[in-house]
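# Summary of structural features
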Amino acid sequence: MEAAAAIRNTASFASPAPRIRLARSASVAARAGSSSRGDWQTACAILSSTNDNQAPAPAPKVNGQTTKLAPPDATTPASLDLAPATTNLKRPLSISDLAPAPLHGAQLRVAYQGVPGAYSEAAAGKAYPNCDAIPCDQFEVAFQAVELWIADRAVLPVENSLGGSIHRNYDLLLRHRLHIVGEVQLPVHHCLLALPGVRRELLARVISHPQALAQCEHTLTRMGLNVAREAHDDTAGAAQHVAAQGLRDTAAIASARAAELYGLAVLADGIQDDASNVTRFVMLAREPIIPRTDRPFKTSIVLAHDREGTSLLFKVLSAFAFRDISLTKIESRPHRHRPIRLVDDANVGTAKHFEYMFYIDFQASMADVRAQNALAEIQEFTSFLRVLGSYPMDMTPWDSTAPSSASSTSSSSDQ
Ligand SMILES: O=C(O)C(=O)C[C@]1(C(=O)O)C=C[C@@H](O)C=C1
């Protein structure tokens, strides 16, 4: 793995055209469901996506060679453009060439946000043991790395037991067309790291990811570390910064693996405020997986409602409750394109309501007819409904004392 260079959000990643197309097709796909209940159920069950929704794909490879696609100009006489026939004729693409498995070799390339030693890297290792973990400097870049076929999967945090939801990733899930194909829960075990020889009394600053700082706030205060806190992009990046700059007055909150990687000493171990600190990550892929019913599945959806009316959430919750489907999470986020609804009342003035998108996780597979019927019902009173993914639940036994290292084995993914 080329761990050294984290992928940066350079011009080559900035491809607004595909993203605009993807955003448009997201709402088109949601509305397509309104044609008939049968269509919608089929769409949900298969969770299909059309080629039109994908970022531009690289030329397919056959036998390790890039195939040449025909030029778009149909008027050009074909005989002038074709290479002379040789005995080395290319074999036609077959269905196995188009499978979602990596085409470039055996190792799955998994994008995560941060640098080596970050908890997200450990989550990537838990989700896909022995993968080639690819560091990215932002969440958005990890999404784009998968869309542009630089990575096969992305593993991103969505919620933490102490800090709550990681809102940025909820917003990005909606703006991109990737599918959730699995989840992993990672016990997060923080350490206070400093250059070898540095004592606590010398510290003037503690730096880390804002979530990590929040997860350790009370413990730091109890330790008498009432020093400045400074936010960094990720925990391991903070450790790397302390080491690279030789900062003797600064400690980082990060994993024990980050201490090893960047040559720092562990001043204190297990400094998270709650021993059972856990972060939930989701795995994202270009293609959805086929939902099954032979093991526990979860489904994530996002919905909105654009009409005046009451009790949207009550109706949504009832659709699940009547079918005995448990919800595991509800999150609301402001509606980016229509943040405010104005309601005029001649006597009183104009009321301004915030508009929301609701993200819901429920405990059923889209192959389960109860889930299909619940969504068919919900679709009747929502203006937007999208299935983000139907995927196996992380059922690994809980061990909050396990170190947050990539060596843990288990996977709740498609492969
Ligand atoms: O900074 C890291 O190491 C991360 O992987 C990010 C992150 C997060 O975004 O919440 C992940 C898990 C921990 O809860 C703290 C930070």
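The text that follows walks through the structure, step by step, so that each part is easy to find. This one's a predicted model, so the numbers in the text were calculated from it and none came from an experiment. (Residues numbered from 1 in each chain as written. Predicted model: local features only at pLDDT ≥ 70, side-chain atom pairs only at ≥ 80, totals over all residues. Heavy atoms only, no water.)

Listing the buried residues of helix H10 (residues 312-321) in full gives Leu312, Val316, Ser318, Ala319 and Phe320. In this structure, the buried residues of H10 make contact with strand E14 (297-304), strand E15 (327-334), strand E18 (356-362) and helix H11 (369-379). (Buried < 20%, exposed > 50% of the residue type's maximum accessible area, 1.4 Å probe, protein only. Helix = DSSP H or I, 4+ residues; strand = E, 2+ residues; numbered from the N terminus. Contact = heavy atoms within 4.5 Å.)

Below, the discussion takes up the site of the ligand. Taken together, Ala118, Tyr119, Ser120, Pro157, Asn160, Ile166, His209, Gln211, Gln215, Asp234, Thr235 and Thr279 make up the full set of residues near the ligand. With respect to the ligand, the side chain of His209 contributes an N or O atom lying 3.3 Å from an oxygen atom. Thr235 has a polar side-chain atom sitting 2.5 Å from an oxygen atom of the ligand. Against a free-state accessible area of 360 Å², the protein chains account for coverage of 100% of the ligand. Those elements giving two or more residues to the shell around the ligand turn out to be helix H4 (119-127), strand E5 (153-160) and helix H7 (210-222). Tallied by class, residues from the shell around the ligand come to four nonpolar, seven polar and one charged. No fewer than three residues from each of domain 2 (106-186) and domain 3 (191-271) sit in the shell around the ligand. (Near = heavy atom within 4 Å. Polar contact = N/O pair within 3.5 Å; in protein donor to acceptor, adjacent residues only side chain to side chain. Areas by Shrake-Rupley, 256 points an atom, 1.4 Å probe, with all protein chains shown as cover. Nonpolar A, V, L, I, M, F, W, Y, C, P; charged D, E, K, R; others polar. Domains from an automatic or database assignment.)

Looking now at the state of the cysteines. Under the counting rule described, the total for this entry stands at zero disulfides. Here Cys136 stays unpaired: no disulfide links it, and the sulfur of Cys131, its closest cysteine neighbor, is 12 Å away. Lacking any disulfide linkage, Cys216 is separated from the closest cysteine sulfur, that of Cys191, by 9.4 Å. (Disulfide = S-S within 2.5 Å.)

Grouped together as the largest cluster of nonpolar side chains are 81 residues, with contacts concentrated most on Tyr128, Val155, Leu192, Ile253 and Leu284. Non-local contacts of Leu284, meaning those with residues more than four positions away in its chain, are made with Phe143, Asp152, Arg153, Ala154, Leu156, Leu173, Leu178, His179, Ile180 and Val181. The next biggest cluster of nonpolar side chains, apart from the first, holds 19 residues, and it includes Val316, Phe358, Ile360 and Phe362. (Core = buried A, V, L, I, M, F, W, Y, C linked by side-chain atoms within 4.5 Å.)

Our focus in this paragraph is the sheet that holds strand E8 (residues 191-194). Neighbouring strands of a sheet are bound in pairs by backbone hydrogen bonds; such pairs are parallel or else antiparallel. An order of E10-E9-E11-E8-E12 is seen for the five strands of this open sheet, with the pairing classed as mixed. Every interior strand has two partners, whereas the edge strands, strand E10 (228-231) and strand E12 (265-269), have only one. Each strand axis lies, on average, 30 degrees off the axis of its neighbour in the sheet, ignoring direction. Alignment of E8 against E12, held across four bridges, turns out to be antiparallel. Bridge pairing in E12 places Leu193 opposite Val266. Relative to E10, H7 is tilted by about 165 degrees, and along the sheet it contacts E8, strand E9 (205-208), E10 and strand E11 (250-254). (Pairing = 2+ DSSP bridges. Axes fitted to C-alpha atoms, helices over the stretch in contact; angles between N-to-C directions.)

Looking now at the packing of aromatic side chains. For any two aromatic rings, the description comes down to two numbers: the centre-to-centre distance and the angle of the planes. Summed over the entire model, instances satisfying the criterion amount to three aromatic pairs. Where Tyr170 meets Tyr359, the ring centres are 5.0 Å apart and the plane angle is 80 degrees; that geometry is what we call edge-to-face. Placement of Tyr170 in helix H6 (residues 167-175) and of Tyr359 in strand E18 is noted, with a sequence separation of 189 residues between them. The same class applies to Tyr170 as to Tyr359, namely buried. A ring pair is formed by Phe320 and Phe362, whose centres lie 4.6 Å apart and whose planes are at 40 degrees; its orientation type is tilted. You can see Phe320 sitting in helix H10 and its partner Phe362 sitting in strand E18, a full 42 residues away along the chain. For the pair Phe320 and Phe362, a shared accessibility class is recorded, and that class is buried. The side chain of Arg286 reaches across the aromatic face of Trp149, ending 3.7 Å from its centre. A cation over a ring is seen here: Lys315 above Phe381, with NZ or CZ 5.5 Å from the ring centre. (Phe/Tyr/Trp six-rings, centres within 6.5 Å; stacked < 30°, edge-to-face > 60°. Lys NZ or Arg CZ within 6 Å of the ring centre and 35° of its normal.)

Another point: the packing of helix H5 (residues 139-147) against H6. Running from N to C, H5 and H6 point in directions that differ by 30 degrees, and their axes come no closer than 10 Å. Judged by the inter-axis angle, H5 sits roughly parallel to H6. The chirality of how H5 crosses H6 is right-handed. Contacts between H5 and H6 involve Phe139, Glu140 and Phe143 from the former and Arg168, Asn169, Leu172, Leu173 and Arg175 from the latter. Of the residues that constitute the contact of H5 with H6, the class distribution is four nonpolar, one polar and three charged. (Parallel < 35°, antiparallel > 145°, perpendicular 65-115°, else oblique. Left-handed = near helix turned anticlockwise from the far one by under 90°.)

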